[in-house]
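# Close look at the chain arrangement
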Amino acid sequence: MVYEADQIKVLEDLEAVRVRPGMYIGSTGQAGLMHLIEEIIDNSIDEALAGYCTEIHVTVHPDNSVTVWDNGRGMPVGIHKEAGINAVELVMTTLHAGGKFDNKSYRVSGGLHGVGVSVVNALSEYMRVEVRRNGKIYRQEFSRGQKLTELEVVGEAADTGTTITFLPDPEIFDEVKYNFSKLSHRLRELSYLNGGLLIILTNEVAGVTRRYQAKGGIVSFVKELAQNKSPLHSEPLYVHGTESGIEIEIAMQFTDSYDESIFAFANNINTVDGGTHLTGFKTALTKFLNDYGRDKKILRKNDSNLRGDDIREGLVAIISVKIPEPEFEGQTKTKLGNPEVASIVAGILQEELGLYFKKHPKVARVIIEKSVTASRARAAAAKARKMVRRKGALASTTLPGKLADCSSTDPTKSELFIVEGDSAGGSAKQGRDRTFQAILPLRGKVLNVEKARLAKLLDNKELHSIITALGTGIRDEFNLDKLRYHKLILMADADVDGAHIRTLLLTFFYRYLRMLVEHGYVYIAQPPLYQVKDGKKTLYLYSDEELDAFRAEHTGKFALKRFKGLGEMNPHELWETTMNPEKRILKQVEIRDALEADEVFSTLMGSDVAQRRDFIRENSDKITTLDI
Ligand code: 0RA
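Reference entry: report on the structure contained in this document. In this text the structure is predicted, and so the values were computed from the model without any measurement.

The next thing to look at is the overall build of the protein. Check the secondary structure of the protein and you find 21 helices and 24 strands. By the burial criterion, 52% of the 628 residues in the protein qualify as buried. Looking at the protein alone, contacts between residues at least 24 apart form 68% of all its contacts between residues at least 6 apart. As displayed, the protein offers around 29200 Å² of accessible surface, 51% of which is attributable to carbon and sulfur atoms.

This is how it looks when you write it as structure tokens:
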């Protein structure tokens, strides 16, 4: 039975969620809304992982409510013995009830989301659960964490499954507006990670439906990621194995590109900070190829061992592990901690590589030869750098000539504005607070990172000046302690060209200075789009929405000016609107933003014209509204 004390506890718990939503879902903005949807989807994904669910439909309705439908076993509807209430109600109204009665083999959640559906209920103005089970349709409705109705049978069902609809509470959320680009990105990722699973996303407002299904699972994922690069072997390698209840899946494709794109997932969560699965993978790959190369005499006696990063140059890979009890570590819980996973991944990978290369010795040779070339190129580049340094012409400590540095030498207080164009750079130099703000103007087209070899990258004047201004060096010589500014602010026009430069710079940061993004040091400045003069008052507006709102409120006369570029603002205006820490809006770049930029970049710069055209058509919003 439920005792009065229990009931009071439950009410207190869910009230606590409403009082401090940020503690449970991170924020009450778009990211928080995303958490609500992910929480519900995760339950359906768990059901798919357990092997009972083949389809998930996510629908966003015009009233902002969201429905997640699945064809799993259906949430249990029976009375829970200890609690004395039905299981749907228990799960929906009790904090952390999830684990009480389900004995699922895998859980998606575990660190990142995993707050429980009751949290979604607590933060929803309305919520409805429908279960198809035992030939019947059951329904129960809730609001703000409490039940509105009892669990009732409302019809007959031919199949099984669960349908959950929720409407985020406007009392909690600043604005209920979903980020469709993030949502579709995540659903597509989930379809790859759960091969065969059909996921359908419908945006009823825009009248758009997207269908995600990848019969080939992570092999299709790798093919897609590698499609703009030239592969060194025709089909991706696929490795699969289970040990001690831990399931390992790896797909990899070596290409002639110069960067490595390895994505590691644990229970469908993108572990951007890596962890034991990634360590196991890297160790085994390096060891195996060195042993194999020696054994087959591809590596000679005098050759030194191949280094991991030389082997991984040009590698596109997905590592996906599924673990009964994942441990997620780090501030953002995106690093896998389970120590046993490293040796399990390493063991399975070594064994499978042995079998694969027995059948495909040519592939092994191509990969090892590519690694040797990479290592020679790296040595040559290092030697060239040393020569230059010895000549004293360009010690990496010599700051670029066009950098207008700040007077502060304390990195935690210093900011670097990387500004597109000389004229905007000039305004920024005059408008800045020189005690802590440094300006680096960029001219012309920045190098195409995709097609350039690392050594050549250092020849590019623009990127070279960024690297020297930062002070950290890159790749092997990267040293975070030498970073001269803890805020790196990209400042470009709010037009298509500006968006391209931003995409390019983010891609450069993502591939060569990822640590800076991970530490939250990279920002995007948000210059205003409009200036309105209303009598004596001058106001700046940063989006078309703000302009619409202003128009709605001001029926009288006002002078409107649209800024076509940063260069149109005088130094004072630029300071007031975009640089003054008291007033400016900065967007902190997340690793996901940088990854998306990397994808946009690869497609835009890739050689497939038809694909590029489709991409631009589908993502015109992203490219023109700078939502990268
Ligand atoms: C607990 C146990 C079982 C299924 C579920 C939860 C479940 C929850 C949700 C939420 C959305 N979709 C879902 N699908 C399943 C298994 C019960 C059994 O043994 O049949």
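Back to the write-up after that little detour.
The next point concerns the sheet that holds strand 21 (residues 530-534). On the basis of which strands lie adjacent, the open sheet formed by three strands has the order 22-21-23 and antiparallel pairing. Edge positions in the sheet fall to strand 22 (537-541) and strand 23 (559-562), since each has one partner strand and no second. The mean inter-strand angle of the sheet, taken between neighbouring strand axes irrespective of direction, is 20 degrees. Packing against the sheet, helix 17 (residues 544-553) makes contact with strand 21, strand 22 and strand 23, and its axis sits at approximately 140 degrees to strand 22.

The final tally for this structure, using the stated rule, is three cavities of 30 Å³ or more. Looking at the largest cavity, its volume works out to about 90 Å³. If you go around the largest cavity, the residues you meet are H185, R188, E189, Y192, F221, L225, F263, F265, N270, L595 and E599. At the level of secondary structure, the elements contributing two or more residues to the lining of the largest cavity comprise helix 6 (180-193), helix 7 (218-226), strand 12 (261-266) and helix 19 (591-605). Looking at the lining of the largest cavity element by element, the count peaks at four residues for helix 6. Each residue belonging to the lining of the largest cavity can be placed in one class, and the counts come to six nonpolar, two polar and three charged. In this structure, the second largest cavity spans a volume of roughly 40 Å³. Lining the second largest cavity are I418, V419, E420, L442, L490, M491, A492, I501, R502 and L505.

Spanning 14 residues, helix 6 covers 20 Å between terminal C-alpha atoms, matching the ideal 20 Å at 1.5 Å per step. Most of helix 6 is tucked away: 11 of the 14 residues are buried. Those residues of helix 6 not exposed but buried are S181, L183, S184, H185, R186, L187, E189, L190, S191, Y192 and L193.

Of note, N179 is situated in the loop between strand 7 (161-168) and helix 6. A polar contact of 3.2 Å, which involves the side chain of N179, links it to the backbone nitrogen of S181. From its side chain, N179 meets the backbone nitrogen of K182 in a polar contact 3.1 Å long.

The five strands lie next to each other as 10-11-14-12-13, forming an open sheet whose pairing is mixed. Edge strands, defined here as strands with exactly one partner in the open sheet, are strand 10 (237-243) and strand 13 (269-270). Both strand 11 (residues 246-254) and strand 14 (residues 315-322) contribute to a ladder of eight bridges, which runs antiparallel. Its bridge partner being in strand 14, E249 is matched across the sheet by S320.

According to the stated counting rule, one finds 26 salt bridges in the structure shown. Residues D169 and R144 are paired through a salt bridge, measuring 2.5 Å at the closest nitrogen-oxygen approach. With a gap of 25 residues between them, D169 in the loop between strand 7 and helix 6 and R144 in the loop between strand 4 (136-143) and strand 5 (146-147) connect regions that are remote in the sequence. If you follow the salt bridges from partner to partner, you end up with R18, R144, D169 and E171 in one network.

This part covers the environment of G51. Tracing the backbone shows G51 in the loop between helix 3 (30-49) and strand 1 (55-60). Under the relative-accessibility criterion, G51 is labelled exposed at 60%. It is 8.5 Å that separates the C-alpha atoms of G51 and G72, two residues lying 21 residues apart in sequence.

A word on the nonpolar core. What tends to happen in soluble globular proteins is that the nonpolar side chains get buried as a cluster. Ranked by internal contacts, the top residues of the largest apolar core, which has 49 residues, are I318, L416, I466, L470, F509 and L516. Here the element with the most residues in this core is helix 15 (residues 496-512); it accounts for seven residues. When residues no more than four places from it in sequence are discounted, the contact partners of I466 are I418, L440, L442, L505, F508 and F509. Counting residues in each nonpolar core, the second largest holds 47 residues, with I45, V91, V120 and I199 among its members.

Their axes nearest at 8 Å, the elements helix 12 (residues 422-431) and helix 18 (residues 571-579) cross at an angle of 80 degrees. Relative to helix 18, the element helix 12 lies roughly perpendicular. From helix 12, A424, S427, A428, Q430 and G431 reach across to helix 18, where they touch P571, L574, W575 and M579. Of the residues that constitute the contact of helix 12 with helix 18, the class distribution is six nonpolar, three polar and no charged.

Let us look at the packing of aromatic side chains. Per the stated rule, a full pass over the model turns up 10 aromatic pairs. Ring geometry for Y192 and F221: centres 4.5 Å apart, planes at 10 degrees, overall stacked. With Y192 in helix 6 and F221 in helix 7, the pair connects residues that are 29 residues apart, well separated along the chain. What makes Y192 buried here is its relative accessible area of 10%. Classification of F221 as buried rests on a relative accessible area of 8%. Judged by centre distance (5.8 Å) and plane angle (55 degrees), the rings of F508 and F509 are tilted. Taken individually, F508 and F509 each receive the classification buried, so the pair is uniform in this respect. Through a chain of ring-to-ring contacts, the aromatic side chains of F288, Y292, Y356 and F357 assemble into a single cluster.

The subject of this paragraph is the side chain of Q253. Position of Q253 among the secondary structure elements: in strand 11. Polar side-chain contacts of Q253 include one of 2.6 Å to the backbone oxygen of H233. Here Q253 is in contact with V222, A226, P231, H233, S234, E235, P236, G314, L315 and V316, once residues within four sequence places are set aside.

So, on to unusual backbone geometry. Phi at N64 takes a positive value of approximately 80 degrees, unusual for a residue other than glycine. Exposure remark for N64: the relative accessible area of 27% places this residue in the partly exposed category. The phi dihedral of K297 is positive, around 60 degrees, even though this residue is not glycine. Residue position: K297 is located in the loop between helix 8 (276-295) and helix 9 (308-311). We classify K297 as exposed; its relative accessible area is 57%.

Quick notes on the rules
- Residues numbered from 1 in each chain as written.
- Predicted model: local features only at pLDDT ≥ 70, side-chain atom pairs only at ≥ 80, totals over all residues.
- Heavy atoms only, no water.
- Helix = DSSP H or I, 4+ residues; strand = E, 2+ residues; numbered from the N terminus.
- Buried < 20%, exposed > 50% of the residue type's maximum accessible area, 1.4 Å probe, protein only.
- Contact = heavy atoms within 4.5 Å.
- Areas by Shrake-Rupley, 256 points an atom, 1.4 Å probe, with all protein chains shown as cover.
- Pairing = 2+ DSSP bridges.
- Axes fitted to C-alpha atoms, helices over the stretch in contact; angles between N-to-C directions.
- 1 Å grid on protein atoms, 1.4 Å probe; cavity = no way out; pocket = protein on both sides within 12 Å on 5 of 7 lines; lining within 4 Å.
- Points joined across faces, edges and corners; volume = space filled by probe spheres on them.
- Nonpolar A, V, L, I, M, F, W, Y, C, P; charged D, E, K, R; others polar.
- Expected span 1.5 Å × (residues − 1).
- Polar contact = N/O pair within 3.5 Å; in protein donor to acceptor, adjacent residues only side chain to side chain.
- Salt bridge = Lys/Arg side-chain N within 4 Å of Asp/Glu carboxyl O.
- Core = buried A, V, L, I, M, F, W, Y, C linked by side-chain atoms within 4.5 Å.
- Parallel < 35°, antiparallel > 145°, perpendicular 65-115°, else oblique.
- Phe/Tyr/Trp six-rings, centres within 6.5 Å; stacked < 30°, edge-to-face > 60°.

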